[in-house]
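# Per-entry structural report
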Amino acid sequence: MTKPSNEAFFWMLFSAGGVVAALLIPVQLFLFFIAFPLGWLQAPAYDSLLSLVRMPLVRLYLFILCSLPLFHWAHRFRYTLYDGLKVKHLTGLIFVLCYGGAVLGTVIAAYLLWTT
Amino acid sequence: MNQDASKDPASYTLYHPRWYRPQVSVYWWLGEWHYLKFILRELSSVFVAVFVVETLLMVSALRDGPEAYAHFQQCMRNPLVIVLNVVSFFFIVFHAITWFNLAPSAMPVRVGGKKLPEVLVAAPSYVAWLIVSAFVCWVVLH
């Protein structure tokens with residue numbers, strides 16, 4: 001009998017994060033971190049951006065935008081270190097750092113979005 | 001008595017059978033385009049994490065007030081940050097394209113017992129990508 005494994009759970013988080021990253025990050029990244037800083041497009045004023053971020057649906061959107069892709073990163077980065085760089089002896093530490101980072105980022109996102 | 005044992009070569013040999021354990025270099029992925037593509041795709045996840053950190057910094061600055069937000073915007077205009085974000089953009093678009101193109105292999109769609117062509121399975125993802133991107137632009141810019 002094989003041991004029950006959590007791999008499917010982590011894979012689902014990875015997969016959901018991959019979809020969110022593919023659909024949403026290119027446009028978000030292009031607007032906020034390329035087009036606005038370079039002045040290609042008129043950035044929204046502080047007040048209008050703040051009131052946008054305070055809308056409940058936008059808070060939820062930003063939470064999903066930050067949290068799920070972090071779990072996507074944790075899964076991929078973990079296997080890049082295992083397979084790509086062949087650091088197999090640190091398996092436990094890498095696992096804790098990757099998923100610990102994702103959980104920490106999720107908690108910070110929840111706190112920031114809740115208190116903004 | 002001892003001579004008998006040394007005359008029988010089958011009973012003991014100096015040669016230890018070697019395990020078949022080929023040595024793979026740490027740089028195994030540099031040799032072939034397919035392997036390099038795989039590693040580049042996996043590395044895109046690092047830029048995903050960078051984007052999340054930047055977004056959290058932006059929300060944090062918004063939360064702290066107009067001055068903090070102006071300072072954040074100033075930091076984002078730093079040429080090095082712009083270069084990082086342009087590189088990130090290409091990596092994440094690469095992730096998106098490989099992700100959408102994998103969907104037909106991950107879940108082949110069958111209609112009437114026949115597999116749909118891969119283009120038809122991948123196409124809806126690209127349409128969704130376009131619509132979602134246009135919607136985000138509309139919400140942010142209008």
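## Topic: the overall build of chain A
A tally of helices and strands in chain A yields four helices and zero strands. Along its sequence from the N terminus, chain A presents helices and strands in the succession α-α-α-α. Over its C-alpha atoms chain A spans a radius of gyration of 17 Å, topping by over 25% the 13 Å that the globule rule assigns to 116 residues. Based on the C-alpha atoms only, the size of chain A along its principal axes is roughly 60 × 30 × 20 Å. With 116 residues in all, chain A has 32% of them scored as buried.

## Considerations on the overall build of chain B
Helix and strand content of chain B: five helices and two strands. Here the C-alpha radius of gyration of chain B, 28 Å, is well above what a compact globule of 142 residues would show, namely 14 Å. With the C-alpha coordinates of chain B rotated into their principal frame, the extents come out at 100 × 55 × 25 Å. The 142 residues of chain B split such that 18% are buried. At a minimum sequence separation of 6, the contacts of chain B that also span at least 24 residues come to 41%.

## Quick notes on the confidence of the model for chain B
Summary statistics for chain B give a mean pLDDT of 87 and a share of 91% for residues scoring 70 or more. This complex was scored by the predictor with a pTM of 0.85 and an ipTM of 0.92.

## Comments concerning the interface of chain A and chain B
The interface of chain A with chain B comprises 44 residues on the first partner and 42 residues on the second. Secondary-structure elements contributing two or more residues to the side of chain A that touches chain B are helix H1 (7-38), helix H2 (46-53), helix H3 (56-84) and helix H4 (91-115) of chain A. At 17 residues, H1 of chain A tops the list of elements feeding residues into the side of chain A that touches chain B. Across the side of chain A that touches chain B, the residue classes tally to 34 nonpolar, eight polar and two charged.

## Some remarks on the nonpolar core
Of all hydrophobic cores here, the largest spans 42 residues; its most connected members are Ile 25, Leu 29, Leu 70, Trp 73 and Ala 74 of chain A together with Val 48 and Ile 92 of chain B. Of all elements in the fold, only H1, H3 and H4 of chain A together with helix H2 (33-64) and helix H4 (79-106) of chain B reach the threshold of two or more residues within this core. With eleven residues, H1 of chain A is the largest single contributor of residues to this core.

## Description of the environment of Glu 67 of chain B
The residue Glu 67 of chain B is located in helix H3 (residues 66-76) in this model. In this structure the C-alpha to C-alpha distance between Glu 67 of chain B and Arg 21 of chain B, which are 46 residues apart in sequence, comes to 61 Å.

## Examining H1 of chain A
When the local axis directions of H1 of chain A are compared, the greatest deviation, roughly 45 degrees, occurs at Leu 24 of chain A, which is followed within four positions by the proline Pro 26 of chain A. Immediately downstream of H1 of chain A, the backbone of Gly 39 of chain A shows phi near 75 degrees, a positive value.

## Remarks on the packing of H1 of chain A against H3 of chain A
For any two helices packed against each other, the geometry comes down to the angle between their axes and how far apart the axes lie. Residues and elements named next belong to chain A. The contact between H1 and H3 brings their axes to 7 Å, and the two run at 125 degrees. Classified by the interaxial angle, the pair formed by H1 and H3 is oblique. As for the relative orientation of H1 and H3, their crossing is left-handed in sense. Residues Phe 10, Leu 13, Phe 14, Ala 16, Gly 17, Gly 18, Val 20, Ala 21, Leu 24, Ile 25 and Gln 28 of H1 form the contact with H3, whose own contacting residues are Ile 64, Leu 65, Leu 68, Pro 69, Phe 71, His 72 and His 75. Tallied by class, residues from the contact of H1 with H3 come to 13 nonpolar, five polar and no charged.

## Overview of the environment of Phe 30 of chain A
Relative to the assigned elements, Phe 30 of chain A resides in helix H1. Spatially, the C-alpha atoms of Phe 30 of chain A and Gly 18 of chain A are 18 Å apart, while their sequence positions differ by twelve residues. Residues in contact with Phe 30 of chain A, not counting those within four places in the same chain, are Ala 35 of chain A together with Phe 89 of chain B.

## Quick notes on the packing of H1 of chain A against H4 of chain B
It is at 9 Å that the axes of H1 of chain A and H4 of chain B come closest, and there the two elements cross at 155 degrees. Here H1 of chain A lies roughly antiparallel to H4 of chain B, going by the angle between them. You can see that H1 of chain A and H4 of chain B cross each other, and the crossing is left-handed. Residues Gly 18, Ala 21, Ala 22, Ile 25, Pro 26, Leu 29, Phe 30, Phe 33, Ile 34, Pro 37 and Leu 38 of chain A of H1 of chain A form the contact with H4 of chain B, whose own contacting residues are Ile 82, Asn 85, Val 86, Ser 88, Phe 89, Ile 92, Val 93, His 95, Ala 96, Trp 99 and Phe 100 of chain B. Among the residues making up the contact of H1 of chain A with H4 of chain B, the classes are represented as 18 nonpolar, four polar and no charged.

## Let's talk about the confidence of the model for chain A
Per-residue pLDDT for chain A has a mean of 92; in total, 97% of the residues score no lower than 70. Of all helices and strands in chain A, the one with the weakest mean pLDDT is H3 of chain A (93), whereas H2 of chain A scores best (95).

About the cut-offs
Residues numbered from 1 in each chain as written. Chains lettered and ligands numbered in written order. Predicted model: local features only at pLDDT ≥ 70, side-chain atom pairs only at ≥ 80, totals over all residues. Helix = DSSP H or I, 4+ residues; strand = E, 2+ residues; numbered from the N terminus. Rg over C-alpha atoms; globule rule 2.2 N^0.38 Å. Buried ≥ 20, exposed ≤ 12 C-beta atoms within 10 Å, placed from the backbone. Contact = placed C-beta atoms within 7 Å. pLDDT = per-residue confidence, 0-100. Nonpolar A, V, L, I, M, F, W, Y, C, P; charged D, E, K, R; others polar. Core = buried A, V, L, I, M, F, W, Y, C linked by C-beta atoms within 7 Å. Bend = angle between axes of the 7 residues up to and from the residue. Axes fitted to C-alpha atoms, helices over the stretch in contact; angles between N-to-C directions. Parallel < 35°, antiparallel > 145°, perpendicular 65-115°, else oblique. Left-handed = near helix turned anticlockwise from the far one by under 90°.

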